[in-house]
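Examination of the molecular architecture
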Amino acid sequence: WQFSAFGAGGAAGAVIASRLPESWPRGRLILSALFLESLHMVVYSLTPNVPLSLLCLFSWGATVSLIIVASTSYLQATVDPTLHGRTFTLVRQAEQLGLLMAMALAAGLSRTITPQTAFTAAGAIYALSTIAAAFSRGGQGLAELSFRLYPFRETRPHNEARRSG
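Keep in mind the model is a prediction, meaning the values are calculated, not measured.

Calculation notes
- Residues numbered from 1 in each chain as written.
- Predicted model: local features only at pLDDT ≥ 70, side-chain atom pairs only at ≥ 80, totals over all residues.
- Heavy atoms only, no water.
- Helix = DSSP H or I, 4+ residues; strand = E, 2+ residues; numbered from the N terminus.
- Buried < 20%, exposed > 50% of the residue type's maximum accessible area, 1.4 Å probe, protein only.
- Contact = heavy atoms within 4.5 Å.
- Areas by Shrake-Rupley, 256 points an atom, 1.4 Å probe, with all protein chains shown as cover.
- Patch = residues over 30% accessible without salt bridge, like charges linked within 9 Å, V, L, I, M, F, W, Y side chains within 5 Å.
- Salt bridge = Lys/Arg side-chain N within 4 Å of Asp/Glu carboxyl O.
- Polar contact = N/O pair within 3.5 Å; in protein donor to acceptor, adjacent residues only side chain to side chain.
- Expected span 1.5 Å × (residues − 1).
- Phe/Tyr/Trp six-rings, centres within 6.5 Å; stacked < 30°, edge-to-face > 60°.
- pLDDT = per-residue confidence, 0-100.
- Axes fitted to C-alpha atoms, helices over the stretch in contact; angles between N-to-C directions.
- Parallel < 35°, antiparallel > 145°, perpendicular 65-115°, else oblique.
- Left-handed = near helix turned anticlockwise from the far one by under 90°.

**Notes on the overall build of the protein chain**
Along the protein chain, the regular secondary structure elements total 7 helices and 0 strands. When the helices and strands of the protein chain are read in sequence order from the N terminus, they spell out α-α-α-α-α-α-α. Within the protein chain, the proportion of its 165 residues that are buried is 27%. Of the contacts formed within the protein chain by residues at least 6 apart in sequence, a portion of 78% connects residues at least 24 apart. Total accessible area on the protein chain stands at roughly 10,500 Å², and carbon and sulfur atoms take up 70% of it.

**Some details on a nonpolar patch on the surface**
A contiguous nonpolar patch, built from L128, I131 and F135 and spanning about 340 Å² of accessible area, is present on the exposed surface. Relative to the helices and strands, I131 resides in helix α5 (residues 115-135).

**Here's the deal with the side chain of S38**
Within the element layout of this structure, S38 appears in helix α2 (residues 26-46). The exposure class assigned to S38 is buried, which follows from its relative accessible area of 0%. A polar side-chain atom of S38 sits 2.5 Å from the main-chain carbonyl oxygen of F35. Excluding anything up to four places from it in sequence, S38 contacts G123, Y126 and A127.

**Details of helix α3 (residues 50-78)**
With 29 residues, α3 extends 42 Å between its outermost C-alpha atoms, agreeing within 8% with the 42 Å of an ideal straight helix rising 1.5 Å per residue. N-cap assignment for α3: the residue whose side-chain oxygen lies 3.0 Å from the backbone N of L52 is N49.

**Quick word on the packing of aromatic side chains**
Given two aromatic rings, one states the distance between the centres and the angle between the planes to describe the pair. Counting across every chain of the model gives 4 aromatic pairs. Seen from their ring centres, W60 and F119 are 6.1 Å apart, and the 50° between their planes marks the pair as tilted. With W60 in helix α3 and F119 in helix α5, the pair connects residues that are 59 residues apart, well separated along the chain. A connected cluster of aromatic rings, assembled from ring pairs, spans F6, Y44, W60 and F119.

**As for the confidence of the model for the protein chain**
Residues of the protein chain with pLDDT of at least 70 account for 82%, and the chain-wide mean is 79. Every residue in residues 146-165 scores below 50 in pLDDT, and together they form 28 contacts with partners more than four places removed in sequence or on other chains.

**Details of the packing of helix α1 (residues 2-17) against α3**
Taken N-terminus to C-terminus, the directions of α1 and α3 make an angle of 40°; their axes are 6 Å apart at the nearest point. Between α1 and α3, the interaxial angle falls into the category oblique. Handedness of the α1/α3 crossing: right-handed. For the pair α1 and α3, the contacting residues are Q2, A5, F6, A8, G9, G10, A12, G13, A14, I16 and A17 in the first and S53, L54, L57, F58, W60, G61, A62, V64, S65, L66 and V69 in the second.

As structure tokens, then:
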């Protein structure tokens, strides 16, 4: 059930993401969604009952979908098209490296702390890292970027029909 809730949230997030980019600055969306994901980690680790955990997972799936859509569109708009393949490969490898490092840390601490404590702490560290990034010079610049960097989005017929309807 939990994977289903997360997946359904991901599908809902993809629908939401298709409407948000034109109304919310891209960088702010990425930073907000990253922070929201960290809160999901903490809430999920502390939720004692199944219905609330399913709701949290649904919302978490939607948030992850927003992160994927926003960050992918950001890369597509800012990276030289001839470097898209290399850039997306590097980003994917960095994501996997982070996951492997987290797993190694969790395994190393498994005799010292409980999995719930580790997951709660990971969410808190993630939240603090996102806040620090948002206040950094790079984070401030990212937060100011707008989805209006897409000149080609304005000329697509389906966007015009959606705005007028």
